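# Descriptive analysis of the structure
Chain residues, written in single-letter form:
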Amino acid sequence: MAQQATKMTENLNPYEIVQKQIENAAKLLDLPRAAVEILKKPKRVVSVSFPVKMDDGTVRVFDGYRSQHNDAIGPTKGGIRFHPQVTLDEVKALSMWMSFKCGVVHLPYGGGKGGVICDPRTMSQGELERVSRGFMEAIHDIVGPEKDIPAPDVYTNAQVMGWMMDTYSRLKGAVSPGVITGKPLILGGSKGRNEATARGCVYTILEALHEKGMSPKDATVAIQGFGNAGQIAARLLHEIGAKVVAVSDSKTAIYAKAGLHIPDVITAKEAGSLGSVAGASLIAHDELLEVEVDILIPAALENVITTANVDQIKAKIIAEAANGPTTPAADEVLQQKGILVIPDILANAGGVTVSYFEWVQNLMNFYWSETEVNDKLKDVMVRSYQEVGQIAKQYQTDRRTAAFMISLLRITEGMKARGWI
């Protein structure tokens, strides 16, 4: 009952959570108050409504948002998600996390984020295309290669980005691949982009295992969320010998103490049901987070690790492939328990890093091999992991706060150079 009461009173608003994270990091740096106040709010937030003709001939009006947090050191950058639970506060928070994600890996970007309130799972391909084009038409005047560069996110993919790039190019009267990243290769996408978020996360996990003196071949893993990032992380870890014992998607969670054969799990997912995996037991979604493993990867949505379940978490390492999966109150408990948390703004920064590579390639009109992309990504992720660890040790703080500190310093330096503060 006590846990239930705590959950009822815990603040789960992502916008307020990221503001608290900014305050926590800023205290250790003694930043100018003006810088903190600027960073606690997005520079621009646009709300749009646009009509779409559905397959049955009816017209439905969709609502969407685009938040641009801070452009002191470069254009804003961040994904567009299609989800029935998109909210304005969520989009604002995600744009702010993107600023700090870009900062921690030293990209010349600020953060942006967009979302449309819809459920693509209930739409035909034609309806999805019309929603994609309608949203880009609604926001095209505030995005662009030198303004704000969107990318895929929850329930959007390369095809959606291709439609959006085409719509923007038509409206501008010129082919403009640099307006968006995560596109199909034929339209200027980057090799390695589809795997980048998961691959970057795995690079940080390998660094964490090395730090703890553990071998990947002896490590057990649980992954909450078997979408793009979770599925690819599972495959990459399986390929290097780690034992993935539990995975889940929005419908089903499965567990096998001896380890799951990930190619079979992927086949089952593609067929429509994780529950059909031979040798796996069905478990409750909440149970997956509490499985005794070396590595827990939350790869779904925000606020899944809270004060209601944090005491039951037994992982040694948590790698946040999702954005904002841990509440501040739960984060404090994880630190007290000595669990090594690779914070989201570092763990899942591989996606925006290779999006940056894609944008650079678009601007140059010169493209790299997948090996070159993956090597450059590894350099960025390993260097950034080590830098965060050094700052955490220097200031005797947790890695999330250290990651924010690195980003806050960079953005504040940019604002000072521009004369904003």
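Because the structure is predicted, anything quoted here is derived from the model rather than measured.

We now examine the UniProt feature "binding site: NAD(+)" (unreviewed entry) in the protein chain. Per the UniProt entry, the sites bearing "binding site: NAD(+)" (unreviewed entry) are Thr 197 and Asn 228 in this numbering. Across 32 residues in sequence, these annotated residues keep their C-alpha atoms within 8.7 Å of one another, forming a single compact spot. Turning to its location among the elements, Thr 197 is positioned in helix 7 (residues 196–211). Taking the relative accessible area as the measure of exposure, Thr 197 reaches 18% and is therefore buried. When residues no more than four places from it in sequence are discounted, the contact partners of Thr 197 are Ala 229, Ala 347, Asn 348, Gly 350 and Gly 351. Within the secondary structure, Asn 228 is located in helix 8 (residues 228–239). Residue Asn 228 is classed as partly exposed on the basis of its relative accessible area, which comes to 42%.

Domain boundaries in the protein chain define domain 1 (41–189) and domain 2 (191–420). Domain 1 and domain 2 are separated by 23 Å when their C-alpha centres are compared. Summing the contributions of domain 1 and of domain 2, the shared interface buries around 3200 Å²; its carbon and sulfur component is 64%. When the buried area of domain 1 at its contact with domain 2 is split by residue, Phe 100, Lys 101 and Val 104 rank highest and sum to 20% of it. Summed over the shared surface of domain 1 and domain 2, the result is two salt bridges. Of the charged contacts in the structure, one is a salt bridge between Arg 81 and Glu 302, with a shortest N-O distance of 3.1 Å. For the interface between domain 1 and domain 2, the tally reads 18 residue pairs in polar contact (both at pLDDT 80 or more). For the side of domain 1 that touches domain 2, the secondary structure elements donating two or more residues are strand 3 (76–83), helix 4 (88–104) and strand 5 (148–152). Ranked by residue count, the leading element in the side of domain 1 that touches domain 2 is helix 4, at ten residues. Here the side of domain 1 that touches domain 2 is built from residues that sort into 21 nonpolar, ten polar and nine charged.

Turning to the UniProt feature "active site" (unreviewed entry) in the protein chain, a few remarks are in order. As annotated by UniProt and renumbered to match this structure, "active site" (unreviewed entry) occupies Lys 113. Within the secondary structure, Lys 113 is located in strand 4 (residues 110–117). Taking the relative accessible area as the measure of exposure, Lys 113 reaches 3% and is therefore buried. For Lys 113, the residues in contact, after removing those within four places along its chain, are Tyr 65, Arg 66, Ser 67, Gly 78, Gly 79, Val 91, Leu 94, Ser 95, Met 98, Asp 153 and Asn 323.

In this structure, Ala 256 sits in the loop between strand 8 (253–255) and helix 9 (262–271). Counting along the chain gives 123 residues from Ala 256 to Arg 133, while the straight-line C-alpha distance between them is 43 Å. Excluding its chain neighbours within four sequence positions, the residues that come into contact with Ala 256 are Val 245, Gly 279 and Ala 280.

Cut-offs used in this document
Residues numbered from 1 in each chain as written. Predicted model: local features only at pLDDT ≥ 70, side-chain atom pairs only at ≥ 80, totals over all residues. Heavy atoms only, no water. UniProt positions renumbered as here; feature names shortened; annotations may be inferred. Helix = DSSP H or I, 4+ residues; strand = E, 2+ residues; numbered from the N terminus. Buried < 20%, exposed > 50% of the residue type's maximum accessible area, 1.4 Å probe, protein only. Contact = heavy atoms within 4.5 Å. Domains from an automatic or database assignment. Buried area = accessible area lost by both parts, 1.4 Å probe. Salt bridge = Lys/Arg side-chain N within 4 Å of Asp/Glu carboxyl O. Polar contact = N/O pair within 3.5 Å; in protein donor to acceptor, adjacent residues only side chain to side chain. Nonpolar A, V, L, I, M, F, W, Y, C, P; charged D, E, K, R; others polar.

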